[in-house]
Amino acid sequence: MKIFEIVFSATGRTQKVVDIISSVFTEEKYKIDLSKYNPENKIYNLSKNDFCIVAVPVYGGRVPTPAANRLRNINGNGAKALLIAVYGNRAIDDCLLELKNILIEQGFQCSAAISAVAEHSMMPQFAHNRPDDKDVEILKKFAMQIKEKLENNTLSESIEVPGKEPYVKASSMPLKIKVNKNCIKCGKCARRCPVGAIPLDNPHTTDSKKCITCMRCIDECPQNARSLPPAVMSAVSIAMKSKFEGRKENVLYL
């Protein structure tokens, strides 16, 4: 059995959840990075003997569009999958259902699922430092249950997840990345942008029509030259506070 990590993780938060789950499996692991800009649209073919950890962050209640598009380049061919939707302490809305439907279309068996909480990428005061020790304990225990079922060949071929159709209309904050004078035009942000929104020959700019505000360029910039407008982020944080308050727990589906 091969273990595949199929992950969209612009800032590493979703990958952190995957790393916790993946750590209980001793088999060799292979990674398909959905957050890597892939204009060639490389096609992957898996097999029914593979087990896949498929994880995406929740963007406005949905699967991020580039992740959804790239998942359609992967043929499951009967591979079993654990679905993970990672959110920043608000809600997953229809993300897990959308993810499940995409994977079924691609020939996967959707055998287990998690809605997992991680620190919000834009407003890190929400779900700060999560996944924490309690999360790690819960996620590892769940991963062990999945591992045992895989070994005993008793893992479900299909599970129910929350959500409804038509899906919630994808929402996004109309925020534009600002670049300050610290930019040295090193191009790291351009090379790492998941959607090719930053031209390599002019990394001081950002194509706002392509940008999905994933925060990767801000996290990766070695000069702290990129940011979201502080006044706007402060206003958004205050307006959204009631929806993010309190500790939300991971929900497990098996």
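If you're wondering where the values come from, they're calculated on a predicted model, not measured in any experiment.

Definitions and limits used
Residues numbered from 1 in each chain as written. Predicted model: local features only at pLDDT ≥ 70, side-chain atom pairs only at ≥ 80, totals over all residues. Heavy atoms only, no water. Helix = DSSP H or I, 4+ residues; strand = E, 2+ residues; numbered from the N terminus. Contact = heavy atoms within 4.5 Å. Areas by Shrake-Rupley, 256 points an atom, 1.4 Å probe, with all protein chains shown as cover. Lys, Arg positive; Asp, Glu negative; His and termini not counted. Charge placed at Lys NZ, Arg CZ, Asp CG, Glu CD. Pairing = 2+ DSSP bridges. Axes fitted to C-alpha atoms, helices over the stretch in contact; angles between N-to-C directions. Salt bridge = Lys/Arg side-chain N within 4 Å of Asp/Glu carboxyl O. Buried < 20%, exposed > 50% of the residue type's maximum accessible area, 1.4 Å probe, protein only. Phe/Tyr/Trp six-rings, centres within 6.5 Å; stacked < 30°, edge-to-face > 60°. Lys NZ or Arg CZ within 6 Å of the ring centre and 35° of its normal.

Points about the overall build of the protein
Alright, step 1. Along the backbone of the protein there are seven helices and 10 strands.
Alright, step 2. Taking the principal axes of its C-alpha atoms as reference, the protein extends roughly 60 × 40 × 35 Å.
Alright, step 3. Restricting the contact set of the protein to residue pairs at least 6 apart, pairs at least 24 apart contribute 83%.
Alright, step 4. Approximately 12600 Å² of the protein is accessible, and the part contributed by carbon and sulfur atoms is 49%.
Alright, step 5. In the protein, the 37 positive side-chain charges and the 27 negative ones have mean positions that sit 7 Å from each other.

Side note on the sheet that holds strand β6 (residues 80-87)
Alright, step 1. The six strands are arranged β2-β1-β4-β6-β7-β10 in an open sheet whose pairing can be described as mixed. For this open sheet the edge positions go to β2 (29-33) and β10 (251-253), each flanked by a neighbour on one side alone. Ignoring which end each strand starts from, the neighbouring axes of this sheet average 15° apart.
Alright, step 2. In terms of strand pairing, strand β1 (residues 3-7) meets strand β4 (residues 51-57) through five bridges, oriented parallel. Looking across to β4, one finds that I3 is bridged to F51.
Alright, step 3. The strands that helix α3 (residues 95-105) touches are β4, β6, β7 (109-117) and β10; relative to β6, the one it contacts most, it runs at about 150°.

Overview of the pattern of salt bridges
Alright, step 1. Under the counting rule described, the total for this entry stands at 12 salt bridges.
Alright, step 2. For D93, the salt bridge is made with R90, and the minimal N-O distance between the two is 2.4 Å.
Alright, step 3. Classification of R90 by relative accessible area gives partly exposed; the value is 28%.
Alright, step 4. Here E249 ties to R247 by a salt bridge, and the two come within 2.9 Å at their closest N and O atoms.
Alright, step 5. A residue is classified by how much of its surface remains accessible, and R247, at 39% relative accessible area, is partly exposed.

Some thoughts on the environment of P64
Alright, step 1. In this structure, P64 sits in the loop between β4 and α2 (65-71).
Alright, step 2. Residues P64 and C214, 150 residues apart in the sequence, show an inter-C-alpha distance of 9.4 Å.
Alright, step 3. Every residue in contact with P64, bar those within four places of it in the chain, is listed here: F8, V56, P57 and Y59.

Side note on the packing of aromatic side chains
Alright, step 1. A complete count under the given rule lists four aromatic pairs for this structure.
Alright, step 2. An angle of 90° between the planes, with centres 6.3 Å apart, marks the rings of F8 and Y59 as edge-to-face. Taken as a pair, F8 in the loop between β1 and α1 (13-22) and Y59 in the loop between β4 and α2 lie far apart in primary sequence, 51 residues in all.
Alright, step 3. Residue Y59 is classed as partly exposed on the basis of its relative accessible area of 22%.
Alright, step 4. Across the ring face of Y30, the terminal group of K2 is positioned such that the distance to the ring centre comes to 5.3 Å.

Here we look at the environment of V117
Alright, step 1. Here V117 shows up in strand β7.
Alright, step 2. Sequence separation of V117 and R191 is 74 residues, and the distance between their C-alpha atoms is 28 Å.
Alright, step 3. In this structure V117 touches Y87, N89, A127, R130, P131, K248, E249 and N250, once residues within four positions along its chain are discounted.

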